[in-house]
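Remarks on the overall topology
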Amino acid sequence: MSEGDAAQMEASLAAVAEAGIDIRHALFDRFFVAFPDRRASFMVVDASSRRMTDETLQMMFGLAKGEGWVWPLVCELVHTHRAYGPLPISEYDAFIDMTVVELGKAASVAWSKGCAAAWQHHADELKAMIRRARAEWQAALPDPVTAG
Ligand code: HEM
């Protein structure tokens, strides 16, 4: 946990809210340009893009604050996503990194090297947690309809 990280991250979230920018639009456009075949996995992009963007930001911010609810939420997320087909870990990594990049663009002058480093640190922590949750589900439920 780092109080300094959380404070810098919160300031950038406030700046984006103040600017009235909803980063999910640019984020999902970017994600589908990088992974065009994934577009068909989404039935309701408008609904899912709200939750995927919000929860990704919440998880990184929660990790910065040392919140205990992050791990169970990551486990739930990974389990839910097993129903959406085999999702390569590289797509999770890319989605998380793109979330940070789009937040940085929207935060504009409120974005600093320190702020970027704080988000990236917790982005990397989230990626590692997702790997662990996938491995644990795979061990507990090794024969799903789709390999998760
Ligand atoms: C940390 C990253 C992510 C978080 C927090 C997250 C979270 C969510 C949430 C909360 C939902 C909505 C579930 C519901 O309403 O029942 C959702 C849906 C979905 N997510 Fe994610 N997600 C993440 C990453 C990804 C990635 C990387 C992919 C694809 C490679 C993906 C594919 C999907 C799909 C296909 C749906 C269903 C969409 C639909 O039916 O319209 N997610 N996600």
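Residues numbered from 1 in each chain as written. Predicted model: local features only at pLDDT ≥ 70, side-chain atom pairs only at ≥ 80, totals over all residues. Heavy atoms only, no water.

At the metal site, the iron atom of the ligand is ligated by Met52 (SD) and His81 (NE2), and these contacts range over 2.0 to 2.4 Å. With 6 donor atoms in place around the iron atom of the ligand and angles of 82 to 178° between them, the coordination shape is octahedral. Here Met52, found in helix H3 (residues 45-64), pairs with His81, found in helix H4 (residues 70-81); they are 29 residues apart in sequence, far enough to count as distant. (Donors = N, O, S within 2.8 Å, 3.2 Å for Na, K, Ca; no water. Tetrahedral: all angles 85-135°; square planar, octahedral: opposite > 155°, others 65-115°. Helix = DSSP H or I, 4+ residues; strand = E, 2+ residues; numbered from the N terminus.)

Time to look at the site of the ligand. Close to the ligand lie 19 residues; Met43, Val44, Arg51, Met52 and His81 are nearest. One of the backbone N or O atoms of Met43 is found 2.8 Å from an oxygen atom in the ligand. Take Arg51: an N or O atom from its side chain is 2.8 Å from an oxygen atom of the ligand. Elements that contribute at least two residues to the shell around the ligand include exactly H3, H4 and helix H5 (89-107). Tallied by class, residues from the shell around the ligand come to 11 nonpolar, 4 polar and 4 charged. (Near = heavy atom within 4 Å. Polar contact = N/O pair within 3.5 Å; in protein donor to acceptor, adjacent residues only side chain to side chain. Nonpolar A, V, L, I, M, F, W, Y, C, P; charged D, E, K, R; others polar.)

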